[in-house]
Amino acid sequence: MKNLIPARFYTYDFTRLYVSLAFTLAIAVIVYSALFGRIF
């Protein structure tokens, strides 16, 4: 049972990292769009 908790915590951390990466990518796209003045 003790092993199950850390595993879930690690999974949650990984999911949070993935979400953070996606959010950062979205911000980067917005900044790029703002710099260019239009989407793509």
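See the structure shown above.
**Q** Just to check I follow, could you spell out the overall build of the protein chain for this structure?
**A** Looking only at helices and strands, the protein chain features one helix and zero strands. By residue count, 2% of the 40 residues in the protein chain fall in the buried class. For the protein chain, the accessible area works out to roughly 4500 Å², and carbon and sulfur atoms hold 73% of it.

**Q** Is there a simple way to explain a nonpolar patch on the surface in this structure?
**A** On the surface, Phe23, Ile27, Val31 and Leu35 cluster together into a nonpolar patch covering about 440 Å² of accessible area. Along the chain, Ile27 falls in helix α1 (residues 4-36).

Conventions used here
- Numbers given for residues are sequential positions, taken from 1 along each chain in its written order.
- With pLDDT at 70 or above as the cut-off, local features in this predicted model cover only qualifying residues; side-chain atom pairs require 80 or more to be listed or tallied, and sums for whole chains, interfaces and linings still use all residues.
- Each side-chain value is derived from all of the structure's non-hydrogen atoms; neither hydrogens nor water enter the calculation.
- Here a strand is any run of E in DSSP of at least two residues, a helix any run of H or I of at least four, and the numbering for each starts at the N terminus.
- Each residue's exposure class comes from its accessible area (1.4 Å probe, protein chains only) as a fraction of the maximum for that residue type: buried when under 20%, exposed when over 50%, partly exposed otherwise.
- What sets the accessible areas is the Shrake-Rupley method with a 1.4 Å probe; for residues, cover comes only from the shown protein chains.
- The residues that make up patches have over 30% relative accessible area and no salt bridge, and they are joined within 9 Å when like-charged or within 5 Å when they are Val, Leu, Ile, Met, Phe, Trp or Tyr.
- By convention in these notes, a salt bridge is any Lys or Arg side-chain nitrogen within 4 Å of a carboxyl oxygen on Asp or Glu.

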